[in-house]
Amino acid sequence: MSLYLKYLFQLILSPSRGWEDISHDGADPEELLRKGFYPLTGIAAATEFIRLFYERDAGIGHVLQSAIALFCAFFASLFLCRMILDALLPKVTEGNMSERRTATLNIMSLGLMELISVISNCVPTGLTLLHFLPIYALLIYYKASRYMAVRQDSEMYYLFIGLLTVIMVPLGLIWLFSLILG
């Protein structure tokens, strides 16, 4: 988990340099999943219970439903976003698309969204700034364009793919699972 968190914090502090380090280290997506993404998904779901301490009307049942919705949404996002990336990224990259890099991009981008969920759950007030953090996750995704060998003329389409996979799919699934469970 420490390697995964190290990569996430590198991406937060310096997105371009973070993607270079991930590329240089040859990060193994399967290891990042097992030792990083899955535990962080559990932690993000568990932080839903922190709301019991600062929200007056948050009951255990409601918080449990929110935690299950968050966990299911990120787990489903992992596979749905990967399908979208596999379908759309070959149209914007040069040469053959690396499945390993696509998997890493997906895992790291969703990990950033999980960190945002953790932060949002730990802050007792609904700060407006927190609602804009997914845009920073999109910027970090965009900085991976060199890592993914995106063609210069396709950067806007690549950004649209990022908007879809980094922001819309996870947040949409969280909303959907919240409706179903809540």
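Please read all numbers here as calculations on a predicted model, not as lab measurements. (Residues numbered from 1 in each chain as written. Predicted model: local features only at pLDDT ≥ 70, side-chain atom pairs only at ≥ 80, totals over all residues. Heavy atoms only, no water.)

The next point concerns the overall build of the protein chain. Along the protein chain, the regular secondary structure elements total eight helices and zero strands. Going from N to C terminus, the protein chain has its helices and strands arranged as α-α-α-α-α-α-α-α. Computed over its C-alpha atoms, the radius of gyration of the protein chain comes to 16 Å, within 12% of the 16 Å expected for a compact globule of 182 residues. Residues counted as buried form 44% of the 182 residues belonging to the protein chain. Within the protein chain, counting contacts between residues at least 6 apart in sequence, those at least 24 apart form 76% of the total. (Helix = DSSP H or I, 4+ residues; strand = E, 2+ residues; numbered from the N terminus. Rg over C-alpha atoms; globule rule 2.2 N^0.38 Å. Buried < 20%, exposed > 50% of the residue type's maximum accessible area, 1.4 Å probe, protein only. Contact = heavy atoms within 4.5 Å.)

Okay, the packing of helix 3 (residues 29-46) against helix 6 (residues 99-122) next. Contact pair helix 3 / helix 6: the axes reach a minimum separation of 10 Å and the direction vectors enclose 20°. Judged by the inter-axis angle, helix 3 sits roughly parallel to helix 6. At the point where helix 3 passes helix 6, the crossing takes the left-handed sense. Listed contacts from helix 6 to Pro29, Leu32, Leu33, Phe37, Leu40, Thr41, Ile43 and Ala44 of helix 3 are Arg100, Ala103, Thr104, Ile107, Met108, Leu110, Gly111, Glu114, Leu115, Val118 and Asn121. (Axes fitted to C-alpha atoms, helices over the stretch in contact; angles between N-to-C directions. Parallel < 35°, antiparallel > 145°, perpendicular 65-115°, else oblique. Left-handed = near helix turned anticlockwise from the far one by under 90°.)

Right, let's get into a nonpolar patch on the surface. Taken together, Leu64, Ile68, Trp175, Leu176, Leu179, Ile180 and Leu181 make up a surface patch of nonpolar side chains, about 670 Å² in accessible area. Those elements that place two or more of their residues in the nonpolar patch are helix 5 (60-88) and helix 8 (155-181). With five residues, the top contributor of residues to the nonpolar patch is helix 8. (Patch = residues over 30% accessible without salt bridge, like charges linked within 9 Å, V, L, I, M, F, W, Y side chains within 5 Å. Areas by Shrake-Rupley, 256 points an atom, 1.4 Å probe, with all protein chains shown as cover. Salt bridge = Lys/Arg side-chain N within 4 Å of Asp/Glu carboxyl O.)

In this model, helix 6 (24 residues) spans 35 Å end to end at C-alpha, consistent with the 34 Å of a helix rising 1.5 Å per residue. By the criterion of burial, helix 6 is predominantly enclosed, with 18 of the 24 residues buried. (Expected span 1.5 Å × (residues − 1).)

Turning next to helix 8. With 27 residues, helix 8 ought to run about 39 Å at 1.5 Å a step, and its terminal C-alpha atoms sit 38 Å apart, in line with that. Approximately 40° is the largest bend angle found in helix 8, and it occurs at Met168, with the proline Pro170 only one to four residues beyond. By the burial criterion, the buried members of helix 8 are Glu155, Tyr158, Ile161, Gly162, Thr165, Val166, Ile167, Val169, Pro170, Leu173 and Ile174. Considering only its buried residues, helix 8 is in contact with helix 5, helix 6 and helix 7 (128-142). (Bend = angle between axes of the 7 residues up to and from the residue.)

What follows concerns the environment of His62. Tracing the backbone through its elements, the reader meets His62 in helix 5. Sequence separation between His62 and Asp153 is 91 residues; the distance between their C-alpha atoms is 47 Å.

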